[in-house]
Amino acid sequence: MNHTITTNIDHSIYLFLEQQSKATKRTKKSIIEEALKLYQKYQLKAQIESGLKERYNEYKNINNEYLNTQFNSIKD
C-alpha cells in the first residue's frame, strides 16, 4: 500500500536530492526510500549492539562473582 507524505525539507537537502536523482537517473522517491531503509538498518544495528554490550557486561559480572566464589573456597 502506498502512502502520501507531505513535508518541508531544507532547501540544500532538496537540491542534493534533485542532483542525485539526475545523476543516478532514479526517482526522488526511490532515493528517499533507500535512505530510510538504511536509517532503519542503522537503528536496528545500534539496538543490537546495545543489547550485546549489556549482555557482555552481565556476563562479566557473573564471571567475576563466580571467580570470587572459587577463590574464597580455595582460601578456606
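For the structure, see preceding data.
Quick look at the structure, then. (Residues numbered from 1 in each chain as written. Predicted model: local features only at pLDDT ≥ 70, side-chain atom pairs only at ≥ 80, totals over all residues. Heavy atoms only, no water.)

**Description of the side chain of serine 21**
Here comes step 1: Looking at where serine 21 falls in the secondary structure, it is placed in helix α1 (residues 11-24).
Here comes step 2: Take serine 21: its relative accessible area is 13%, and that puts it in the buried class.
Here comes step 3: Looking at serine 21, its side chain comes within polar contact range of the main-chain oxygen of arginine 26, at 2.5 Å.
Here comes step 4: Residues in contact with serine 21, not counting those within four places in the same chain, are Arg26, Thr27, Lys28 and Ile31. (Helix = DSSP H or I, 4+ residues; strand = E, 2+ residues; numbered from the N terminus. Buried < 20%, exposed > 50% of the residue type's maximum accessible area, 1.4 Å probe, protein only. Polar contact = N/O pair within 3.5 Å; in protein donor to acceptor, adjacent residues only side chain to side chain. Contact = heavy atoms within 4.5 Å.)

**Points about α1**
Here comes step 1: Taking 1.5 Å as the rise per residue, α1 with 14 residues should run 20 Å; its terminal C-alpha atoms sit 20 Å apart, in good agreement.
Here comes step 2: Once α1 finishes, lysine 25 follows within two positions and takes phi at roughly 55 degrees, a positive value. (Expected span 1.5 Å × (residues − 1).)

**What about the packing of α1 against helix α2 (residues 28-75)?**
Here comes step 1: For the pair α1 and α2, interaxial distance at closest approach is 9 Å and the crossing angle is 110 degrees. The orientation of α1 relative to α2 falls into the category roughly perpendicular. Packed against α1, whose contacting residues are Tyr14, Leu17, Glu18, Gln20, Ser21 and Thr24, the element α2 presents Lys28, Ile31 and Ile32 at the interface.
Here comes step 2: When its residues are assigned to classes, the contact of α1 with α2 shows 4 nonpolar, 3 polar and 2 charged. (Axes fitted to C-alpha atoms, helices over the stretch in contact; angles between N-to-C directions. Parallel < 35°, antiparallel > 145°, perpendicular 65-115°, else oblique. Nonpolar A, V, L, I, M, F, W, Y, C, P; charged D, E, K, R; others polar.)

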